[in-house]
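Structural characterization, general
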Amino acid sequence: MPAMPKRIIMHWTAGGPEPSSHDLEHYHYCVGQSGEVFMGVPVERNMRQIPVTDPRSAYAAHTARLNSYSVGVALCWMLGAKPDGTLGAYPITRDQTYAAMGFVRELCDAWSLPVASSTVFTHWEAQHLHGVAQAGKFDVENDVNRNRH
């Protein structure tokens, strides 16, 4: 790789139980509800300072203004979810969560990336903890996050 990742940002696809081609074009890895990990955009494409003029198809455009040196890992779920808490047709499963967290741990180990709030966080936290405004689909937040602000 031209450089090592500085951060891993967790997402949700707003789709079905397995990644769509659209999902694989926006994230480096997608974790299906079966726990299987699917590879999307090669990580190498984001291991640089990405110029504003770069076409979004040249890298995994998963987190506005935080794509440079970042790895996007998305859980496949939430088709039909609503901001009121309705989870939709494919809510996350316990096995999927364990598979995703285990995979992220493996990535951190492989890249000697320490696990901290500045290196492993969610898309929601990009805005609410790190102050980098995000637009687009609403983000899942949990009670811990809701109570911080």
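Above this note sits the structure.
All of the points below concern the structure found in this document. (Residues numbered from 1 in each chain as written. Predicted model: local features only at pLDDT ≥ 70, side-chain atom pairs only at ≥ 80, totals over all residues. Heavy atoms only, no water.)

1. As for the side chain of threonine 119
In plain terms, the rule: By definition, any uninterrupted DSSP run of H or I lasting at least four residues is a helix, any uninterrupted run of E lasting at least two residues is a strand, and each is numbered from the N terminus. Each polar contact in these results corresponds to two N or O atoms within 3.5 Å; when the atoms are within protein, one needs to be able to donate a hydrogen and the other to accept it, and residues that are neighboring in sequence are counted only if both atoms are side-chain atoms. Two residues qualify as a contact provided that any one of their heavy atoms is within 4.5 Å of a heavy atom in the partner residue.
Turning to its location among the elements, threonine 119 is positioned in the loop between helix H2 (94–111) and strand S5 (120–122). A polar side-chain atom of threonine 119 sits 2.9 Å from the main-chain amide nitrogen of alanine 116. Not counting chain neighbours up to four residues away, the residues in contact with threonine 119 comprise Lys6, Arg7, Ile8, Leu113 and Pro114.

2. Focus on the nonpolar core
Note the cut-off: What we call a nonpolar core is a set of buried Ala, Val, Leu, Ile, Met, Phe, Trp, Tyr and Cys residues that are connected through their side-chain atoms within 4.5 Å. Three exposure classes are used, based on accessible area relative to the maximum for each residue type with a 1.4 Å probe and protein chains only: buried under 20%, partly exposed in between, and exposed over 50%.
Counting residues in hydrophobic clusters, the biggest one holds 21 residues, and the most contacted among them are Ile8, Val71 and Val73. At the level of secondary structure, the elements contributing two or more residues to this core comprise strand S1 (7–12), strand S2 (29–31), strand S4 (70–75) and H2. The biggest single contributor to this core is H2, with 6 residues. Residues contacting isoleucine 8, with those up to four places away along its chain left out, are Val71, Val73, Val104, Leu107, Cys108, Trp111, Leu113, Thr119, Val120 and Phe121. Judged by nonpolar contacts, the second largest core, of 5 residues, contains Leu66, Phe121, Ala126 and Val132.

3. Observations regarding the packing of aromatic side chains
To be explicit about the condition: Stacked, tilted and edge-to-face pairs are distinguished by plane angle, under 30 degrees for stacked and over 60 for edge-to-face with tilted covering the rest, among Phe, Tyr and Trp rings (Trp via its six-membered ring) whose centres lie within 6.5 Å. Both a distance and an angle decide whether a charge sits over a ring: NZ of Lys or CZ of Arg must be within 6 Å of the ring centre and within 35 degrees of the ring normal.
Under the criterion given, the structure shown has 2 aromatic pairs. Ring geometry for tyrosine 29 against phenylalanine 103: centres 4.8 Å apart, planes inclined by 70 degrees, an arrangement best described as edge-to-face. Here tyrosine 29 is found in strand S2, whereas its partner phenylalanine 103 is found in helix H2, with 74 residues between them in sequence. The pair tyrosine 29 / phenylalanine 103 is uniform in exposure class, with both members buried. The residue whose ring lies beneath lysine 6 is tyrosine 69, and the NZ or CZ to ring-centre distance is 4.5 Å.

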